[in-house]
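# Coordinates in review
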Amino acid sequence: MTHISEVGQAPLIDIDRVGKTFHGDIAVRNVSFNITAGECVALIGHNGAGKTTLMKMILGLISPSAGTLKVFGADIHQSGRDKAARRIGYLPETITFPPHMTGLEALRYFARLKESPVGGCLDGLAVVGLADAARKRIRTYSKGMRQRLGLAQALLGEPELLILDEPTTGLDPDLRRLFYALIDERRAKGAAILLSSHALSELQAHADRIIVINRGEVVAEGSLTELRRQAALPVLIRVKADGAHKMLTGAQPDGVGCRKLNGRTVELTCLPERKVDVIRWVATCGYGIDDLDIELPDLDRLYRHYRGELETRP
Ligand code: ATP
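The shown structure was predicted, so the numbers you read here are calculated from the model rather than taken from an experiment.

## Re the domain arrangement of the protein chain
What the domain assignment lists for the protein chain is domain 1 (13-229) and domain 2 (234-296). Computed over C-alpha atoms, the centres of domain 1 and domain 2 are 43 Å apart.

## Quick notes on helix α12 (residues 299-306)
Counting buried positions over the eight residues of α12 gives six, a clear majority of the element. What α12 keeps buried is the set L299, R301, L302, Y303, H305 and Y306. Phi turns positive one or two residues past the end of α12, at G308, with a value near 80°.

## Considering unusual backbone geometry
Of note in the backbone geometry, N30 takes a positive phi value of approximately 50° without being a glycine. In this structure, N30 sits in strand β2 (residues 25-35). With a relative accessible area of 51%, N30 lands in the exposed category. In the Ramachandran plot, A232 falls in the positive-phi region, its phi being about 50° despite a non-glycine side chain. Following the sequence through the fold, A232 ends up in the loop between α9 (224-231) and β11 (235-241). The buried category is assigned to A232, whose relative accessible area is 14%.

## Observations regarding the packing of aromatic side chains
Scanning all chains against the criterion turns up three aromatic pairs. With a centroid separation of 5.6 Å and an interplanar angle of 80°, the aromatic rings of Y109 and F110 are classed as edge-to-face. Its relative accessible area of 39% is what places Y109 among the partly exposed residues. Between F179 and Y180, the aromatic rings sit 5.0 Å apart at their centres with planes inclined by 75°, giving edge-to-face as the arrangement. These aromatic residues form a ring-pair network of at least three members: F97, Y109 and F110. Between the NZ or CZ atom of R87 and the centre of the ring of F72, over which it lies, the distance is 3.8 Å.

## Description of the site of the ligand
Around the ligand, 13 residues are found, and the nearest of them are N47, G48, K51, T52 and T53. H198 has a polar side-chain atom sitting 3.1 Å from an oxygen atom of the ligand. Alone, the ligand offers 640 Å² of accessible surface; in the complex the protein occludes 61% of this. When residues in the shell around the ligand are grouped by element, the largest group, three residues, is from helix α1 (residues 51-58). Here the shell around the ligand is built from residues that sort into three nonpolar, seven polar and three charged.

## Focus: the nonpolar core
Across soluble globular proteins, nonpolar side chains have a tendency to be buried as a group. Ranked by internal contacts, the top residues of the largest apolar core, which has 48 residues, are I44, L125, L149, L164, L195, L203 and L299. Apart from residues lying up to four places away in sequence, L299 is in contact with I44, L200, L203, Q204, I210, L224 and L227. Core analysis: the second largest hydrophobic core is formed by 29 residues, A192, L194, I211 and I213 among them.

Criteria and cut-off values
Residues numbered from 1 in each chain as written. Predicted model: local features only at pLDDT ≥ 70, side-chain atom pairs only at ≥ 80, totals over all residues. Heavy atoms only, no water. Domains from an automatic or database assignment. Buried < 20%, exposed > 50% of the residue type's maximum accessible area, 1.4 Å probe, protein only. Helix = DSSP H or I, 4+ residues; strand = E, 2+ residues; numbered from the N terminus. Phe/Tyr/Trp six-rings, centres within 6.5 Å; stacked < 30°, edge-to-face > 60°. Lys NZ or Arg CZ within 6 Å of the ring centre and 35° of its normal. Near = heavy atom within 4 Å. Polar contact = N/O pair within 3.5 Å; in protein donor to acceptor, adjacent residues only side chain to side chain. Areas by Shrake-Rupley, 256 points an atom, 1.4 Å probe, with all protein chains shown as cover. Nonpolar A, V, L, I, M, F, W, Y, C, P; charged D, E, K, R; others polar. Core = buried A, V, L, I, M, F, W, Y, C linked by side-chain atoms within 4.5 Å. Contact = heavy atoms within 4.5 Å.

So, in structure tokens, the structure goes:
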């Protein structure tokens with residue numbers, strides 16, 4: 001079955017009820033999703049959830065045990081992996097380069113393998129901040145520099161599809177920012193991106209869609225807003241006021257939780273749809289409010305919810 005997106009675009013990746021079993025152990029079970037051009041989709045899940053296995057199946061490196069999996073509209077195992085691979089940029093979870101090569105030599109080597117122009121390699125290194133180290137041997141590179149080289153390798157030939165397995169692990173904050181800036185730029189140019197990460201707070205600002213995987217199965221899928229709506233986790237409202245403590249003893253609207261954080265600050269919890277009512281109530285109570293903070297559930301809280309570790313109601 002080919003899924004067509006809302007705007008009528010054929011998906012670059014179309015996965016339908018895919019499963020993978022290793023020696024009788026289920027790694028991926030009944031997974032279906034698709035990704036269209038210009039979309040950044042994040043796979044999140046615990047260690048061993050099946051993220052890398054899914055990515056390797058999309059890349060044609062391993063075959064599914066069940067279901068159908070199309071990349072660029074064709075079964076990658078039948079249409080020829082090498083042809084599709086030229087249109088895909090892949091950054092594996094761990095990447096090693098020949099230590100005796102310079103960064104430029106290594107990138108040119110990968111460019112030749114990918115049949116993309118070697119002429120652009122110096123620019124490719126400059127984009128990831130490795131221009132000065134281009135002619136230094138990789139054995140002298142720091143971990144972050146090797147990560148930069150890995151990213152330059154994945155971006156070779158302006159791929160239509162980027163598959164990035166935990167790309168920001170071990171990167172310093174500057175490099176993380178650079179990484180996401182490059183990803184956003186590629187997406188704006190129409191590339192589709194599938195990435196996995198355990199760094200949830202930075203992910204939520206960049207992913208159009210998030211797929212939560214638990215023990216090989218998709219347990220939730222949607223934009224951050226959609227996941228918030230589905231999970232219906234409480235909103236936290238922190239109120240700093242001279243009379244804050246009176247909120248604990250006075251009459252509160254139904255369904256509102258209230259606890260003291262310190263002498264002048266209380267934290268109220270309510271369902272998202274009650275948020276405006278509760279703020280109105282706080283404003284009309286006349287407690288002399290100094291500050292008010294509203295915290296919507298972030299991806300970290302949502303993830304824990306879908307892993308079953310949080311209460312769903314206030
Ligand atoms: P992590 O966050 O730790 O990278 P992951 O979500 O990427 O985890 P996978 O590497 O896809 O998880 O592994 C999913 C399951 O499949 C694990 O139980 C793993 O042991 C198993 N598995 C993966 N590759 C193989 C293999 N080649 N042979 C046997 N089992 C495998």
